[in-house]
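# Understanding the architecture of this molecule
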Amino acid sequence: MTGSEPHQCPSCEQLLRPTSLFCPRCGTPIMPTVSNALQLSITQILASMKPGQAEVMRRCAIPRWFDAEILAVLRERDDGNNANILQQVAEYSFVRQIGEGRYAFIDDVRNYLLGDWRLRPDELRRIHERLYTYFERRMGSTMVENRATWLREIVSYDLLLASTSSVSQAKLADELTQPASTDPDVLTQAMTKVERALLRFRNLFDAAFNAHRMAEAEAILLAAEEQSNILVPLVRDWLLYYRGKMNFAMVRLDEAIECFEILLKRDDLDPELYVLLANSLGDVQVEAGQWSASILSYQKALATPKIELAQQAEAHLGIADAYNEIAVSAGGWHQPQIQKYPIARAFAKVFQSIAIIPMFLLVSILRRLGAAVPKPLILLRYQNWLLARIFRASREQTMAAYRIFRQQNDQMNLIRCEMRLIDIDVLFGSVDEAIELAKQSLERPGCEEPYRKARVQVTLARALIAKRDFAQAIDMLNQALTVFRAVDDGRWEARVLTTLGRALQESGQTEAALKTYQAGLVRARGIGSVLSRERILYELRTWRRSELTYPTEISTILRDEPTQRFVARFPRFLLPYLQVGQTLLIPLILVFAAIVAPTVGNQTIVQASNNLVLPAADVYIFPWYRLIISPLIMLVATGVGYSVLGLIVLWYMPMTQLRNNQPTVHTLTPDELIHYDSSGHESHRIKWADVTEIITADRRVWKRPLMVFSRSFVRSTMQPLLRVDGITGWYNSVIYLIEKRAREAGAQMSYLSANISLLRSAWGGVIGLGTLLLSLIIASVNGWIPNLAEFLPATFYAILQLVGFSGILLIGPTIFWTVIRPLRLDNEFALDERLPSLAAMIGFIVMVLFIITDGAIVRVPIFSVSLFIAGVYVFSEGIYQLGVRRGKDRRWRTGVTIVGFGLLLGAMLIVRETVWREFYHARSYAYAIQGNGAAAADDRLREVAQTSLLFERPMVIEEAVLASQNSDWEQADQQYTAIVNNRGYDARTQALAYHNWALTELARCKKNSCSEAELARIAQFEATAIELIDQAITQHNANPEERAVLLEAQGTAYIEVGQIPAAIQKLTEALASTSEPQAQQRIRELLNSLQR
Amino acid sequence: MQSIDKLFVNREKQTAGFIKMLQGQTPKRIMLIEASGGLGKSWTVEFMRVECQRRGIPNTEIDFADSIVFDFLALLRRARDGFGIAAFNLFTQAINEVTQPTVRIETGAANTNAINNLLGQSNTFSGSNVNVGEVIAGNVIKDNSFVINADNAVVRQALQDRLSGAFFACLASLTSQGPLCFFFDTYDKVTVEAEAWLMGHLLPQIRDGLITNVVVVIAGRSVPKLDNQWDHLIARTGLDLLSEPHVKEYLVQRRGLNDDPNVIKALFQGSTGQPQLLAMLADNILRSQASGGDDDWL
Ligand SMILES: Nc1ncnc2c1ncn2[C@@H]1O[C@H](COP(=O)(O)OP(=O)(O)O)[C@@H](O)[C@H]1O
Ligand SMILES: [Mg+2]
C-alpha cells in the first residue's frame, strides 16, 4: 500500500502514524510526504462529511469501480437518490471517471481506505457478499458478450469471500477451547469453499486463455490478484502460477520462469499445482533454449505420484521436444566434404565400404529386431552418434507419450506424437515405416482440419523425398504452402520452403531449389525464427559440401546471411576422448601391422674364413598377403570395436552428463559475435570492431582442418579470449566469417597462425621419406624389386635398412604431432589438464611392456628399440609437462626435468649395443647377398660379440662359433654340448653344431696334438652332422638354395674326414640344387680340386 | 468529475509542443509524458484532447486505467470509435468477417480457395464493395461486436494481423485529409496485447513513414522504452510540480478561494505544488466552507 508505511519522528524516533502532522511525544512538526498528506486530506475530507456520507465514500473504495447501480448495492438502498449521490461523489478531485457513468477513486486513496477496511473484516465481508450477489444477478440479465466482464468480478469476489471465510474459520478454531468436535468439519467446509471458488476461477481463466483471448485472461487474473494479500496462500499460489503462464503466453520468458521458480521452492505446494507447474516451467524453458533445465523440470513432474496420465504424456512429450531441439539445433547429420579428385573419391569409397561392414551387420540385425537405429552410413560417422543418441532419447519419450495418448484415444495428441515419430524415422532412414505412419495420421479424425493436415503433409513430404518420390512430395508441399500462407504462419511456411527446396534440389531443379531456399530465408528472417533460418542454411551448406558442382550463389548466400548460428557437434567434455581415440588409431594399426606382417626369411648358411659354417644373417620379409591382410584385419577389428562403441553410445550413454553439457553455440550477428557456453548461458558478446587478434591452431592433414584437433581463438578488448573448436559445425565458414566481418567493421587485427598441415610440413616430408624408404626396403627384401643390398655399399645399406625398419621416420613426426605439439600448445592455452598425465601413462605402459617382454611384442628388433625409446620419450615429456604445469614449484620442475632426461639417457645406453648388433646383422645380410661370405660371417661374429641387456636375439650357434674362432676351446665345447644335448633345437642347428664342433676340435688338434680317441670323436661328430643334415633337408622341406648350402656344408664335412667320394657325391647334388651363379662357381671349383 | 475547462492551469510547455507537432512544425511525432501519480498527466492529456476537438482534429483516447479489457480488438474498436466510425467501414467489415463465433478453417479437399475466402485475402477489402454486415445509416457498417475466437494461436495471430492491416488502410485514407491524434493514458497499466500492437504495429509504422500525419501522445508512470533510433521522432517530457503563482491561480481564479496570502502559502507548502494534493486540499477547504446542506446518504 502506497505511503502507509510507518515512519519515525526525526527528533525522538517515536513511531508515528502515517498521517500525523505532529509527533505526539515531543511535538515536532512533521512535514508530510505526498502520500501522507493525501491520506491526511482524505481523512479530513471524510471527517468533515456527515457520517453517512463518509461511510458511503468509504464503501466506494471497495469495488474496483462504481456506477449508480453499484452505489445502490453499497448503500443497500435503491431509493432513486443514487444518481444524484453519484454526481456529488464524482465532484471530488480524487474521483476519476473511467467510463460512461463509471467512476473510481484514485489508487492511493482507494488503497488507503481499503487498508482501513481490513480492520473491519466482518463488515467488509458482508459488502463483498452483497457485491457478489449483485454481480451474479447482473450477469444473469446481460447480453452474452458482457458475461465475461461480470464473471470476472464474480469470480474474484468469490475468491475473496472463500478466503476470508476460511481465515475467519481458522481463527475461530484457534480460539475454541474444545476443538475436537466441530473444527474439522468447519475447516473442511471452508476449504471446499476455497476449492470451489478456485475451480471457478480456473475454468474462467482457462476458457479465455485456451481461446487465446489473452487480454481477457489477463484481466481475469488482474482482478483476482488485486487484493491478493487477503487471499489464502493456496489461492495466491495458483494466481502466481497463472501469472507465470500469462507471462509465457506473452513470451516474457524470464518473468515466467521467475514466477514458476518461486513456487517450486515452496515445499507445501498443492500436488496438483506442482505437476502443472513443473510441466509449464519445462515448456517455458524449452522455449527459452534452456533444454537441460526443462528436462529436469519435466522429470520433476513425472516424479510426482499425483500426476495424471495426460499430464504424464505431456511431460514425456515435453522431454522429447527438449531433446529434439537440442539435436535439431545442431543442424542435421554430418555431411563429409566430397573429395575433389576421382582417385581420392574412389579411395574414400573403398575405405568406407570396408569400414562399414561390421556396422552394417550389427545395425541390420538390430533393425531387424525392431530397434530404432539410424542407417549404418549415418552411424559410420562419430559426429552423428551424439545426435543419434539424442534422437533416440527423444523417440523413447515420444513413444511413452504416444502409448498414453493411444490409451486415452486422444487423436490430436496422437497426431502430434506421430509427426515427431515420422521425422525421426525419416532421419533414421526408416522411410517406409514413416510413410505408413503418416498415412495413418492423415486418416485420424482430427486431421481433416486443413491447418493440421498441412502440417502432417509436410512431415509426410519429408519421407517422400527420402523415398525419392519427388513429384508427390512437391505436390503435397505446395498444397501445404497455400494453407500456411493463408493463415500467415511464418514458421511453418519457412519449414515448407526448406523441404520444398530440398525436394527440388534432389530432383535436379537447381534453379527453383535455390529460389525456394532464398524465399524461405527471407521469411525466416521476417519472423525472426532462428531454427527456420538455420535449417535452410544447413541445407545450403550440405548442398555445397556434397556436390562438386553446386551453384555458386550458395556461397554468396551463405556469406551474406546477416545472422548465423554455429553449434558444436560434440560437447566439449567428450572431445578429449575423441582426440585420444583418433590419435591412437593410426599408430595402433601400424603397430599391429608391424606385429603381424613380418616373418623371418629362410636362413642360408655362410662359411667363415676357417670353414666354420654359421647361419647367415636373416632378414624379415613381408609376404604380400600379410601386408594386405593384417591392416585389413586391424581395420575390421577397429570397425567392430568402433561399431560396438557407437551402439553403446546410442543405447547407454548417460543423458545426464550431456544435459549439463549442451554443445556450445556461436552466433554471428551483423554487429556482434555471441557465444553461449555449455550451460546455455551467454559468455561472450564481442563487437566486431573490438576484435584484436585471431589465432588459429588448426591441424590439417593436407588442407582441411581435422575437426577434433583444430581450434581458433578470438581475442578482443574487454572480453576474455574466445575459443572456437574445430568440432563446431562448418568450422571453416565460422572462421572465415569472423575474420571477414571483423575486418569489414574496421577492427585492428593481428593474426597468429599456429597451424600445421601435417603432410605439407617438414615433418610431413620426413613421414613421406620414411614411408618411401620402408616400402623400398620391403619390396627389396621381398624380392619384388632387385635386392638393394646387391648394389649399395654394405655399410650404407645396413644404415638404410635400420632406419627403415626402425620406423623412426614415422614415429618421430607422429610423436611430435600427437604428443609434443599438443602438450606444448595446450600449455600455452591452458587446456585439458588430463593430457600430460595420459601421455605419461601411455609412455610408461609402452616402456614397461617392452622391458618385461624383452621387446618381443613386435618382431623386428630395431622396431622394438625405437618403440621403446618412443615410450620413454613420451613418458618423460609427459612428466616434464606435468612439472611445467605445477608452475612455480621450482624444485619439482627441475626434479622432473632431471628424471626425464635421466630416463632418456638411460634408455639410450640400454639400447646402444642392440643398435650396433642390429647394424652388424644388417651389414652381414648385405655381404651375404653380395656373395662375400667371409665378410658376412665376420659381421655375424661381430654381431654376436655385442652383448646386449635387452632385445635378445637367439644366437646360440653364433656364440659357439665365436668361441671357436677365439680358440676358446673350453667355452666352445660347453656351448656345442649344450646345443646338441638340447632336443629343442632343430636338426639343422644341431647339424651345424656338430659340424662346427668337429672343425673346432680339429683346429684344436692341429694346435695341440690330440689323442686317437679324440680324432675318432671328431669323425663321429661329422658323421652325426651329415646324418642330421639329411634329416634337416627332409624335415625342413628346404628350398633348393638352402638345400644346396646344406649339401655343400655336408660335402665339406666329408672332405674333412677324408671320405672324398661321398664328398663328391654331396657336392654334385649341391651343384644341381643351386641356381646361384656364385655358389655354382664355388662348388664347381671345389669339385675340380677334389677330382684332381 | 471536476471540469477541466474551468480548472486547468499551467502545462504551457507540453501543450505548446503538442500543437507544434500537430501543425507539423517539428519532425517529432510521439510525445512521451512520464511522471508519477497525481502530477496531472491525465489532465494534460485531456487538455490536449480538448485542443484537438477545438481544431476539429480527429482523435482517440485510450486510458488503460479503464476497467475495459483492452484486447487487440477492443483497442482497435475504441480507436475507430474515437476517430469516427464512418471512416472505418472496411475495418468494421473485416471485424465482422473474422469475429464469427469461432473461426476454424473449413474442411475441403485442399480447397485453399475456401480458406482464402474465409480469411479474406488482403485484396478483398482493398476494394470498396461493402457487402458484409448490416448498414446502419448511410454508409456506416454495423459492428457485430463479437470477439475473436480461434482455436489456434497462429490463426488468431493471422486474423489480428489482418485486422490491423485493414485498420491502417482506413487510417491512411483518413490521414490524407489532415492530421489525427492518438492518446494513450496510464500506460503503466497497459495490457500485453495493446502493448504488442502499439510497439509492433503503430509506432513502427510511424517510424518507417508508412503512415504520416499522425501524432501519438503516451502518458503514464512509465512509458514505452524505445532505443535511440527513435530519438528523432520522440519528444520526452515530465511534469513539474506547480509553482506558487500557478497554485494561486488555481486556488483563487479557478476554485474561487479567497485571496488570502497566508492560506495560499500554507496550501502551496502543504501540497508542495502537487496538483492532486492541491485539488484535494481545495476540496477540503471548500467542503468546510459549505453549509453541509447535503442530505445524508445512509
Ligand atoms: N494542470 C492542472 N491544473 C489544475 N489541476 C490539475 C492539473 N493537473 C492536475 N490537476 C489536478 O490533479 C488531479 C490529478 O491529476 P491527474 O491528471 O489525474 O494526475 P495523473 O494522471 O498524473 O495521476 C486532477 O484531478 C486535478 O484535480
Ligand atoms: Mg492518470
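The structure displayed is predicted, hence computed values, not measured ones. (Residues numbered from 1 in each chain as written. Chains lettered and ligands numbered in written order. Predicted model: local features only at pLDDT ≥ 70, side-chain atom pairs only at ≥ 80, totals over all residues. Heavy atoms only, no water.)

On to the sheet that holds strand 10 (residues 665-668) of chain A. Residues and elements named next belong to chain A. Spatially, the four strands line up as an open sheet ordered 5-10-11-12, and their pairing is antiparallel. Both edges of this open sheet fall to strand 5 (564-567) and strand 12 (682-687), since each of them pairs with a single strand only. On average, each strand axis in the sheet is inclined to that of its neighbour by 15°, with strand direction left out of account. Set on the sheet, helix 29 (residues 731-744) makes contact with strand 5, strand 10 and strand 11 (672-676); between it and strand 5 the angle comes to about 140°. (Pairing = 2+ DSSP bridges. Helix = DSSP H or I, 4+ residues; strand = E, 2+ residues; numbered from the N terminus. Axes fitted to C-alpha atoms, helices over the stretch in contact; angles between N-to-C directions. Contact = heavy atoms within 4.5 Å.)

A few words on the nonpolar core. Residue and element names in this part refer to chain A. Of all hydrophobic cores here, the largest spans 110 residues; its most connected members are Leu614, Phe805 and Phe868. The element that contributes the greatest number of residues to this core is helix 35 (residues 861-886), accounting for eleven residues. Split by domain, this core shows at least three residues from each of two domains, domain 2 (781-923) and domain 3 (956-1091). Once residues lying within four places of it in the same chain are set aside, the contact partners of Phe868 are Met847, Phe850, Ile851, Ala907, Val911 and Phe951. (Core = buried A, V, L, I, M, F, W, Y, C linked by side-chain atoms within 4.5 Å. Buried < 20%, exposed > 50% of the residue type's maximum accessible area, 1.4 Å probe, protein only. Domains from an automatic or database assignment.)

Residue and element names in this part refer to chain B. The buried fraction of strand 6 (residues 214-220) is high, at seven of seven residues. Of the two faces of strand 6, both are covered, the one formed by Val214, Val216, Ile218 and Gly220 as well as the one formed by Val215, Val217 and Ala219. In the sheet, strand 1 (residues 30-34) pairs with strand 6 via five bridges, with the strands oriented parallel. Counterpart to Leu32 in the pairing with strand 6 is Ile218. In this sheet, strand 6 lies alongside strand 5 (residues 180-185) in parallel orientation, the contact comprising five bridges. Within strand 6, the position partnered with Phe182 by the bridge is Val216. Crossover handedness for the path strand 5 to helix 8 (residues 192-207) to strand 6: right-handed. (Right-handed = clockwise from strand over helix to strand, strands pointing away.)

Moving on, we get to a nonpolar patch on the surface. Together, A:Trp624, A:Tyr625, A:Ile628, A:Ile629, A:Leu632, A:Ile633 and A:Trp784 make up a nonpolar patch on the protein surface, roughly 730 Å² of accessible area in all. Position of A:Ile629 relative to the elements: it lies in helix 27 (residues 624-652). (Patch = residues over 30% accessible without salt bridge, like charges linked within 9 Å, V, L, I, M, F, W, Y side chains within 5 Å. Areas by Shrake-Rupley, 256 points an atom, 1.4 Å probe, with all protein chains shown as cover. Salt bridge = Lys/Arg side-chain N within 4 Å of Asp/Glu carboxyl O.)

A few words now on helix 5 (residues 107-117) of chain A. Along an α-helix, residues three or four positions apart point the same way, because every turn accommodates 3.6 residues. The buried count for helix 5 of chain A comes to eight of eleven residues, which makes it a mostly enclosed element. Among all positions of helix 5 of chain A, only A:Asp108, A:Val109, A:Arg110, A:Tyr112, A:Leu113, A:Leu114, A:Gly115 and A:Trp117 are buried.

To continue, consider the UniProt feature "transmembrane region" (unreviewed entry) in chain A. Residue and element names in this part refer to chain A. Within the UniProt annotation, "transmembrane region" (unreviewed entry) is assigned to residues 346-366, 574-597, 628-652, 762-785, 797-823, 835-852, 858-880 and 892-911. Taken end to end, residues 835-852 has its terminal C-alpha atoms 26 Å apart, with 100% of it in helix and 0% in strand. Between the C-alpha atoms that bound residues 858-880 the distance is 28 Å, and the span itself is 87% helix and 0% strand. (UniProt positions renumbered as here; feature names shortened; annotations may be inferred.)

Taken together, the neighbourhood of ligand 1 is formed by 18 residues, with B:Val9, B:Gly38, B:Lys41, B:Ser42 and B:Trp43 sitting nearest. Neighbouring residues of ligand 1 are not confined to a single chain but are spread across chains A and B. B:Leu39 is positioned such that a nitrogen or oxygen atom in its backbone is 3.4 Å from an oxygen atom of ligand 1. Isolated, ligand 1 exposes 550 Å² of accessible area, and the fraction of that covered by the protein chains is 92%. Every element with two or more residues in the shell around ligand 1 is listed here: helix 3 (41-55) and helix 11 (275-289) of chain B. Both of domain 1 (4-237) and domain 2 (244-291) of chain B provide at least three residues apiece to the shell around ligand 1. (Near = heavy atom within 4 Å. Polar contact = N/O pair within 3.5 Å; in protein donor to acceptor, adjacent residues only side chain to side chain.)

Residue and element names in this part refer to chain B. Checked against the element boundaries, Ile4 lands in helix 1 (residues 4-7). Along the sequence, Ile4 and Trp43 sit 39 residues apart, while their C-alpha atoms lie 7.2 Å from each other. The contacts of Ile4, once residues within four sequence positions are left out, are Trp43, Glu46, Phe47 and Val50.

Attention shifts here to the confidence of the model for chain A. All names here are of chain A. The predicted model of chain A averages 82 in pLDDT, with 90% of residues at 70 or higher. Across residues 1-5, where pLDDT falls below 50, the model places 13 contacts with residues more than four positions away in sequence or in other chains. Every residue in residues 177-181 scores below 50 in pLDDT, and together they form one contact with partners more than four places removed in sequence or on other chains. (pLDDT = per-residue confidence, 0-100.)

The next point concerns the pattern of salt bridges. Summed over all chains, the structure comprises 55 salt bridges over all chains. Across the pair A:Arg468 and A:Glu506 runs a salt bridge, and its minimum N-O distance is 3.2 Å. Placement of the pair is A:Arg468 in the loop between helix 20 (450-466) and helix 21 (470-487) and A:Glu506 in helix 22 (residues 490-506), with a sequence separation of 38 residues. In this structure, B:Arg54 and B:Glu51 form a salt bridge, with 2.6 Å as the shortest nitrogen-oxygen distance. Residue B:Arg54 and its partner B:Glu51 are located together in helix 3, separated by three residues, close to a single helical turn. Residue classification places B:Glu51 among the buried residues on the basis of a relative accessible area of 12%. Among the charged side chains, a network of salt bridges with common partners joins A:Glu55, A:Arg59, A:Glu76, A:Arg120, A:Glu123 and A:Arg130.

Looking now at a negative patch on the surface. There is a patch of like negative charges on the surface, built from A:Asp254, A:Glu255, A:Glu258 and A:Glu261. Examined against the element boundaries, A:Glu258 turns out to sit in helix 11 (residues 253-265). (Lys, Arg positive; Asp, Glu negative; His and termini not counted. Charge placed at Lys NZ, Arg CZ, Asp CG, Glu CD.)

So, on to the sheet that holds strand 13 (residues 691-697) of chain A. Residues and elements named next belong to chain A. With respect to topology, four strands assemble into an open sheet ordered 16-15-13-17, the strand pairing being mixed. A strand with exactly one partner marks an edge of an open sheet, and here the two such strands are strand 16 (722-725) and strand 17 (750-753). Put simply, the sheet's adjacent strands are angled 15° from each other on average, direction ignored. Pairing of strand 15 (residues 711-716) with strand 16 involves four bridges; the strand directions are antiparallel. Note that in strand 16 the partner of Ser712 across the bridge is Val724. Seen against the sheet, helix 29 touches strand 13, strand 15, strand 16 and strand 17 and runs at an angle of roughly 145° to strand 16.

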